[in-house]
Amino acid sequence: MSDKKIVIDDISKNFGALPVVGGVSFDVGDGEFVAIVGPSGCGKSTLLNIIAGFERPDRGAIRIDGVERIGPSRNGIMISQQGSVFPWLTVQENLMFGLTGASHRDQVELAGRYIAMVGLAGFEAAYPHELSGGMLKRVELARAFVVKPEILYMDEPFSALDALMSLRMQTELRRILDEERHTVLLITHDVEEAIYLADRILVLSPRPTVIQTTFHVDMPHPRKLSDPKAQALREAILKDLGL
Amino acid sequence: MLVIGLLIAVWWLIVARSDSPIFPTPLQVVTGAWHLAEDGTLWEHIQASLLRVAIGFGLACLVAIPLGLWMGWVSGAYYTLNPLFQMLRPISPIAWIPVAILWFGVGNTSPIFLIFISSVFPMIVQTTMGVRTIDRRYLRAAANFGVSRQVLFRRVVFPAVLPEIIIGMRIGIGVAWLVVVAAEMIALNSGLGYLIMDSRNAGNRYDLVIASMIIIGVIGLLLDGATRLLERMNSVKWRYVR
């Protein structure tokens, strides 16, 4: 965690007269997993969209590996709540969508490997509308991982799933992250999800949002939420959120 | 099926009761149509009508789909051309008939032009709206993976709009079929529309008039069914399953 992968330098953004993000600065180390929690409607998603390059900040700058970021890049893939798996492409075609350069055979092979990694072997030729919500999420994860991005931006990725599937996906994500090193920025309203996954948790204030408190999660993986340390952390975060 | 059977029974009963000298019974319609089918003229008329629709509708597709994609994608094109097309669209194809005769005379070109003009606007509008309502998250995902413009169009924009294009084609082919019959009534010597007018003029052969109407209906149904088959394609099903 020596070098800084992402530097967020005093970002602010207004929507018309409404200030949404009000001066947010933090760094994310290489390979670090940072979770951002905050009250709903506080501008979490806007913040992540700015960092990922989909929106421009009014003030401030984002630097990735020391280079100022303008616009999205395949170096950092966004995974959002609604999902963006292309419904007109098969699972395999979705994974191959972002692959360029390699020969068709290599692409098929690479896609196959990642489809298997998320446990969807046998569904290569299936169309998204034939899959369940959890399976779709796996496709989206696989499609992101297959282009080997250094950064993953996740905007409440599992909140549209039922509680059980959401837990299962968290475990799955953790397992994949142990295999492949990625820098992850996760937006969530689920404090337990943040504790289970992240190295560091940032609590945002209500609009215009700023970083209110930072919590470090010093627990080895795989974590147990029943651990007294995790419980204490959960209490502290919830209290910080005003609950 | 039951409804159709009932309708035919009522029709028969009414004609039999009223002793109408002109309006035919279902049996007369069937025998009339049978004679035409036997001597081959019925097929020639059907073929003539279908050919005109194929050419007019085909041309309309060739124009409407690229134009609609362009208008949907480029805002400038949308704001300049959309008001024009919205104004032209509600004009009944029948209103174009005098214009068509003036421009193209009473040959084969006039009905083809009318079919073109009547089916091109709904398809343009549908395609344009399709492009403009592509879910932003898909465009974002494409931007995220940094694909080229060509890939963006081929793999995202076009497939995303394809279901709307197919809906446009269904509307277009329906209107085209409606119009060809009307256009053929003007003057020509082939086609189902001509058959209707000719049967009436040549000695009030209302059995053939009714037979033609039924055939037109059945072919319209088949054309719609054919475009419906397009909706079964795997890559567009997502839009129709709910």
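These figures come from a predicted structure and were not determined experimentally.

Basis of the calculations
- Residues numbered from 1 in each chain as written.
- Chains lettered and ligands numbered in written order.
- Predicted model: local features only at pLDDT ≥ 70, side-chain atom pairs only at ≥ 80, totals over all residues.
- Helix = DSSP H or I, 4+ residues; strand = E, 2+ residues; numbered from the N terminus.
- Buried ≥ 20, exposed ≤ 12 C-beta atoms within 10 Å, placed from the backbone.
- Rg over C-alpha atoms; globule rule 2.2 N^0.38 Å.
- Contact = placed C-beta atoms within 7 Å.
- Pairing = 2+ DSSP bridges.
- Right-handed = clockwise from strand over helix to strand, strands pointing away.
- Axes fitted to C-alpha atoms, helices over the stretch in contact; angles between N-to-C directions.
- Parallel < 35°, antiparallel > 145°, perpendicular 65-115°, else oblique.
- Left-handed = near helix turned anticlockwise from the far one by under 90°.
- Nonpolar A, V, L, I, M, F, W, Y, C, P; charged D, E, K, R; others polar.
- Expected span 1.5 Å × (residues − 1).
- pLDDT = per-residue confidence, 0-100.
- Domains from an automatic or database assignment.
- Core = buried A, V, L, I, M, F, W, Y, C linked by C-beta atoms within 7 Å.

## Digging into the overall build of chain B
Argument step 1. Within chain B, the secondary structure is distributed over 11 helices and zero strands.
Argument step 2. Along chain B, from the amino end to the carboxyl end, the secondary structure elements read α-α-α-α-α-α-α-α-α-α-α.
Argument step 3. Principal axes of the C-alpha set define a box for chain B whose edges measure 75 × 45 × 30 Å.
Argument step 4. Expressed as a percentage of its 242 residues, the buried residues of chain B come to 36%.

## What about the overall build of chain A?
Argument step 1. Within chain A, the regular secondary structure consists of seven helices and 10 strands.
Argument step 2. Taking 2.2 N^0.38 as the reference for a compact globule, 243 residues should give roughly 18 Å; the C-alpha atoms of chain A span a radius of gyration of 18 Å, in line with that estimate.
Argument step 3. If you line up chain A on its principal axes, its C-alpha atoms span 50 × 40 × 35 Å.
Argument step 4. Of all intrachain contacts in chain A linking residues separated by at least 6 positions in sequence, the fraction that spans at least 24 positions is 69%.

## So, the pairing of strand E8 (residues 183-188) of chain A
All names here are of chain A.
Argument step 1. Counting buried positions over the six residues of E8 gives six, a clear majority of the element.
Argument step 2. Residues Thr-183, Leu-185 and Ile-187 point to one face of E8 and Val-184, Leu-186 and Thr-188 to the other, with burial holding for every one of them.
Argument step 3. As defined by bridge partners, strand E3 (residues 33-37) adjoins E8 across five bridges and the pair is classed as parallel. Bridge pairing in E8 links Phe-33 to Val-184.
Argument step 4. When strand E7 (residues 151-155) meets E8, the two strands line up parallel, connected through five bridges. The residue bridging Asp-155 from the neighbouring strand is Ile-187, located in E8.
Argument step 5. The β-α-β motif built from E7, the intervening helix H5 (residues 163-179) and the parallel element E8 has right-handed crossover chirality.

## Remarks on the sheet that holds strand E1 (residues 4-15) of chain A
Strands pair in a sheet through their backbones, by hydrogen bonds, and they do so in one of two ways: parallel or antiparallel.
Residues and elements named next belong to chain A.
Argument step 1. Spatially, the four strands line up as an open sheet ordered E2-E1-E4-E5, and their pairing is antiparallel. Edge positions in the open sheet fall to strand E2 (18-29) and strand E5 (67-68), since each of these has one partner strand only.
Argument step 2. When E1 meets E2, the two strands line up antiparallel, connected through nine bridges. Residue pairing for E2: Ile-6 is matched across the bridge by Val-28.

## A look at the packing of helix H8 (residues 149-184) of chain B against helix H9 (residues 192-201) of chain B
Residue and element names in this part refer to chain B.
Argument step 1. Viewed as axis vectors pointing N to C, H8 and H9 meet at an angle of 40°, and their least axial separation amounts to 6 Å. Taken as axis vectors, H8 and H9 run oblique relative to one another. Along this stretch, H8 crosses H9, giving a crossing that reads as right-handed. Where H8 approaches H9, its residues Val-180, Val-181, Ala-182, Ala-183 and Glu-184 are matched on the opposing element by Leu-192, Gly-193 and Tyr-194.
Argument step 2. Class assignment of the residues belonging to the contact of H8 with H9 gives a composition of six nonpolar, one polar and one charged.

## Details of the interface of chain B and chain A
Argument step 1. Across the contact, 18 residues belong to chain B and 18 residues belong to chain A.
Argument step 2. Where the side of chain B that touches chain A is concerned, the elements lending two or more residues are helix H7 (136-144), H8 and helix H11 (237-240) of chain B.
Argument step 3. A class-by-class count of the residues in the side of chain B that touches chain A yields 10 nonpolar, four polar and four charged.

## Comments concerning the packing of helix H3 (residues 41-73) of chain B against helix H4 (residues 75-88) of chain B
Residue and element names in this part refer to chain B.
Argument step 1. The contact between H3 and H4 brings their axes to 6 Å, and the two run at 120°. As summarised for this structure, H3 and H4 are arranged oblique, according to the angle between their axes. Contacts from Trp-70, Met-71 and Gly-72 in H3 reach Ala-77, Tyr-78, Leu-81 and Asn-82 in H4.
Argument step 2. Residue classes in the contact of H3 with H4 are distributed as five nonpolar, two polar and no charged.

## Comments concerning unusual backbone geometry
All names here are of chain A.
Argument step 1. Here Arg-207 and Pro-208 are connected by a cis peptide whose omega angle stands at -15°.
Argument step 2. Its place among the elements puts Pro-208 in the loop between strand E9 (200-204) and strand E10 (211-216).
Argument step 3. The residue Asp-65 is not glycine, and still its phi comes out positive at about 50°.
Argument step 4. Here Asp-65 lies in the loop between strand E4 (59-64) and E5.
Argument step 5. Non-glycine residue Glu-156 carries a positive phi angle of around 45°.
Argument step 6. Examined against the element boundaries, Glu-156 turns out to sit in the loop between E7 and H5.
Argument step 7. Given 20 C-beta atoms within a 10 Å radius, Glu-156 is considered buried.

## Structural notes on the sheet that holds strand E6 (residues 76-80) of chain A
All names here are of chain A.
Argument step 1. Overall, mixed pairing links the six strands, which are arranged E6-E7-E8-E3-E9-E10 in an open sheet. The open sheet has two edge strands, E6 and E10, and neither has a second partner. Here the strands of the sheet are splayed against their neighbours by 15° on average, with no regard to which way each runs.

## What about helix H1 (residues 2-18) of chain B?
Argument step 1. The first and last C-alpha atoms of H1 of chain B sit 24 Å apart over 17 residues, in line with the 24 Å expected at 1.5 Å per residue.
Argument step 2. Trailing H1 of chain B by a residue or two, Asp-19 of chain B shows a phi angle of about 60°, which is positive.

## Quick word on the confidence of the model for chain B
Argument step 1. Mean pLDDT for chain B: 89, with 99% of residues reaching 70 or above.
Argument step 2. Taken element by element, the predicted model of chain B shows its lowest mean pLDDT in H11 of chain B (84) and its highest in H3 of chain B (94).

## Some details on the domain arrangement of chain A
Residues and elements named next belong to chain A.
Argument step 1. We note that the domain assignment places domain 1 (1-74 + 151-159 + 183-243) and domain 2 (76-148) within chain A.
Argument step 2. The distance between the C-alpha centroids of domain 1 and domain 2 comes to 26 Å.
Argument step 3. In this assembly, 12 residues from domain 1 lie in contact with 10 residues from domain 2.
Argument step 4. Examining the composition of the side of domain 1 that touches domain 2, we find that five residues originate from one element, E7, more than from any other.

## A closer look at the nonpolar core
Argument step 1. Counting residues in each nonpolar core, the largest one holds 118 residues, and the members touching the most others are Tyr-153 and Leu-186 of chain A.
Argument step 2. Element by element, the count of residues in this core is highest for H8 of chain B, at 16 residues.
Argument step 3. What Tyr-153 of chain A contacts, discounting residues up to four positions off in sequence, is Leu-48, Ile-51, Ala-52, Gly-76, Ile-77, Met-78, Ile-79 and Leu-185 of chain A.

## Regarding the environment of His-182 of chain A
Residues and elements named next belong to chain A.
Argument step 1. With respect to the element layout, His-182 can be found in the loop between H5 and E8.
Argument step 2. We classify His-182 as buried; it has 22 C-beta atoms within 10 Å.
Argument step 3. Those residues in contact with His-182, other than ones at most four positions away along the chain, are Glu-150, Ile-151, Leu-152 and Leu-177.

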